[in-house]
Every structure is written in structure tokens, then in C-alpha cells.
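Letter by letter, the chains look like this.
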Amino acid sequence: MGGWPSKATPASSASGWSSLLPELSDLILRSLPSLADRVRFASVCRHWRHAVKHYSLQAASLPRALPWLNFRSGRFRSLPDGELHSFRFRKYTLCFGCFDNWLLFEEAGCRPSRRYYLQNPLITGATKRLPGYCMEPVHLNPDGSHGTSSSSRSTEFYISKVIMCSRDLVVAKLNYQHRPDAVVCCRPGMSSTWLTGLCNGNWYHDMAFYEGKLYTVTVEGDLFVNEVSNGTGTEEPRVSRMEQLIQGTPNSATRCYLVISRTSKLLLVRWIIPQDSTQEMTMKVLEADLKMSRWLEVESLGDQVLFISSYCSKAVTASSHGGYLQGNQIYFLDDGLVHWFLGPCGNRQACGVFHMSSNTIHPISLGEEHLSTQSKASWFFP
């Protein structure tokens, strides 16, 4: 099912590699930013396989492999070499995006309910069914109190993002019957219906699970915290409370992304695309000051690199990835939600690397090739 080839290693060659000092094999493993290369490393000999297993038990000590570009067709390309990996999707399914290393699918033609599920293509049988029905969201009153709830449920909803908070809790940002966004939750494989979510009339651009709470943000920078109860026994999880923490200000951002930094800060990335095609795109990074209810501008990311896309965004440490990454950069991908509503793209770039120090954009390097500036994809973190 995987996309990388496995090559047999002659016994004499494997024996020679196994005699390599553990310190050297450790250095080799830590210098491999690609998951496929790490798998090949483990196949060389028993001693090297043991080294990989040792790190798998202490995940924090080995830098996470660099992400892949998910083109939603079963085709992936890995950083830094651009190696192609292919996975066979089920017939009549559509891949809408991903969270971390889980892909979000919808099965076509499965009425009366919608059939969504999450699948990890790297693990055989790793599938989590999601509810096909959704309860009508409860609309909040201007004073923050809950409006009248309804027991009706519908299949007329669209999931725009999912987050797996834990093995037994999945939250989703969805659009219910073409109304403003609502945040809902479920127990994957157990709940038949997304339970009643809260709706305050806003269209959210992104959401993130941060320090045990769920945060949502609008394009203006309005930040809301959503408290999610896990549920105990027969009680289902639900969004129990919503509160606005930061009031944003009108700005020229076209798209916003929430990212958890490597120093455990909640960041907001604003992707600014001027309507005037002669002006350059730019990005701004802000940090949430939750105590003072405000956004603080971040001038430099230091040794951090941000990978942002509509479905999944992450921060990584540049210096721990074998020299491929440089700090203070943002790798961005547009999966079709940003540029195309502006009309013809012209010189607009749908993906690239934004350098914060110089305010310039360069193509994403895939080995000897560069990704087309009009490619549409999202990040997948194996």
C-alpha cells in the first residue's frame, strides 16, 4: 500500500553496516528528514532497525519527519527530495483534506446519511468512522446565552476541518445548511450524529486545539474559545461553552491560520493578498496574549518554520532537520480556498516559501525540481 520501494540488502553488506559504531548510525538516522529514508534505514540490518525502534519509543528525541504534500488524489510528494508516494483510495470516495497523518474522506452516493471517515494510509486498518448526521446548531443570543435547541438532524452539512483531540474525541468545523460555521464533536466510530454545536453567526477561517481547549478565529482576528466536554459513561461529548477572548480589527488579510509554536504559543498567520495584482502578497504573524486579550506582532520566528494550509498547520524546529530547513520561514499551500475566488490568478502564487526577514517568496524546492506556483495541495504529516 505504501509508496516507497523496499530493496533487499545482501547479507554480507548488511553485516558490514551492522558493525558501524552506534554513535555513527545514530547520527545518520538523525540526519534523515524524510520518512521514506528512515524506513529504508531500518531495513538495512537488525541493529539499525533496533535504533529506529528505540527512537519510536522516545518520539521526542527524534525530530519528526518532514511533511508531504497531499494532492488529494492518492498522490503525495515528500520533502525534501520530492519523492512520489501513491496510495490507493477506495472507489467513490473524495479526499477533502487531512489532520496530522489522518486523511478525511467522504463516500459518494451513500444516502440517506453522509459517510465521512478518517484514515491513516500508513497504518493498515487505521480507520475511524465519523457521524453522517448533524444536529441543528444552537444559535447564541447577543448576551451569550443559548437559544432554543432543536432535536432535528440533517445530512445537509459540510466538514471544512477536523481535529483529533484524542483517540476518543474528534472535533469538526462544519457548515450546516449553508449557515455560518458551527463547532461540533463526536466519539469516532461510536457516535451516529454530530451533537449540537454552538453557532455565534461567524464564519471561521481556522481552528486549533490548544492547552485542552478549542480556539476558532475569523478573518478579522476575532478569537473565540470553545470548551469541549469529553463526556463520561453514556454521556456524549459536546461543546458546552463559547467565549470571545480577543476582538480583532479590520485588516487586509485574505486568509488566517492558527498554529501552535514550538514554544507553546498560539500564533495567527495572516496571508495578505492585495486586490491590486501589481502589489506583492505578504504574511504577518501574531501571538495571542490571552491574559490581555490582544494580538502581539511577531517580528521573527527565530529557529522555527511554519507549515500552513487550510486543513493542517504545524511549527517545526529548523535546526533539527539536517540543514534542509532555515528558520524564520513559512511554507504555505493554497488548496483552492483563497485565490480562485479572486478571479484569474495572474501572478498570484498558490504555494511557496515566505521569508519573513526579506518579505520575499520563493518556490518550494523538491530535490532538483520546484513545485509549480499554481499547485494546489495541503500538508500531510507522516
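- An unreviewed UniProt entry lists the protein chain under the name KIB1-4 beta-propeller domain-containing protein, with Urochloa decumbens as the source organism.

1. Considerations on the sheet that holds strand 5 (residues 102-107)
Right, on to step 1. Pairing in this open sheet of four strands is antiparallel, and the strands run 4-5-6-7 from one edge to the other. Either end of the sheet is taken by a strand with one partner, and the two such strands are strand 4 (93-99) and strand 7 (127-130). Ignoring which end each strand starts from, the neighbouring axes of this sheet average 25° apart.
Right, on to step 2. Relative to strand 7, strand 6 (residues 115-119) runs antiparallel, the two sharing four bridges. Each bridged residue has a counterpart across the sheet, and for Gln119 the counterpart in strand 7 is Thr127.

2. A look at the packing of aromatic side chains
A ring pair, where both rings are aromatic, is described by two values, the distance of the centres and the angle of the planes.
Right, on to step 1. By the definition in use, this model includes 16 aromatic pairs.
Right, on to step 2. A ring pair is formed by Trp68 and Phe380, whose centres lie 5.8 Å apart and whose planes are at 40°; its orientation type is tilted. Of this pair, Trp68 sits in strand 1 (residues 68-70) while Phe380 sits in strand 31 (residues 378-380); the two residues are 312 residues apart in sequence, bridging distant segments of the chain. Both residues of the pair, Trp68 and Phe380, count as buried.
Right, on to step 3. Positioned above the aromatic ring of Phe71 is the side chain of Arg75, whose terminal nitrogen or guanidinium carbon lies 5.2 Å from the ring centre.
Right, on to step 4. Positioned above the aromatic ring of Tyr257 is the side chain of Arg255, whose terminal nitrogen or guanidinium carbon lies 5.4 Å from the ring centre.

3. Considerations on the sheet that holds strand 1
Right, on to step 1. On the basis of which strands lie adjacent, the open sheet formed by four strands has the order 3-2-1-31 and antiparallel pairing. Single-partner strands in this sheet number two, and they are strand 3 (84-86) and strand 31. The sheet shows a mean angle of 35° between the axes of neighbouring strands, direction not considered.
Right, on to step 2. Note: strand 1 against strand 2 (residues 75-78), three bridges, orientation antiparallel. Residue pairing for strand 2: Leu69 is matched across the bridge by Arg77.

4. Structural notes on unusual backbone geometry
Right, on to step 1. Leu79 connects to Pro80 through a cis peptide bond whose omega is 5°.
Right, on to step 2. With respect to the helices, strands and loops of the structure, Pro80 is situated in the loop between strand 2 and strand 3.
Right, on to step 3. Even without being glycine, Ser293 reaches a positive phi, approximately 55°.
Right, on to step 4. Examined against the element boundaries, Ser293 turns out to sit in the loop between strand 22 (282-289) and strand 23 (294-298).
Right, on to step 5. Positive phi, normally seen in glycine, also occurs at Asn328, with a value near 65°.
Right, on to step 6. Counting through the fold element by element, Asn328 comes out in the loop between strand 25 (314-317) and strand 26 (329-333).

About the criteria used
- Residues numbered from 1 in each chain as written.
- Predicted model: local features only at pLDDT ≥ 70, side-chain atom pairs only at ≥ 80, totals over all residues.
- Heavy atoms only, no water.
- Pairing = 2+ DSSP bridges.
- Helix = DSSP H or I, 4+ residues; strand = E, 2+ residues; numbered from the N terminus.
- Axes fitted to C-alpha atoms, helices over the stretch in contact; angles between N-to-C directions.
- Phe/Tyr/Trp six-rings, centres within 6.5 Å; stacked < 30°, edge-to-face > 60°.
- Buried < 20%, exposed > 50% of the residue type's maximum accessible area, 1.4 Å probe, protein only.
- Lys NZ or Arg CZ within 6 Å of the ring centre and 35° of its normal.

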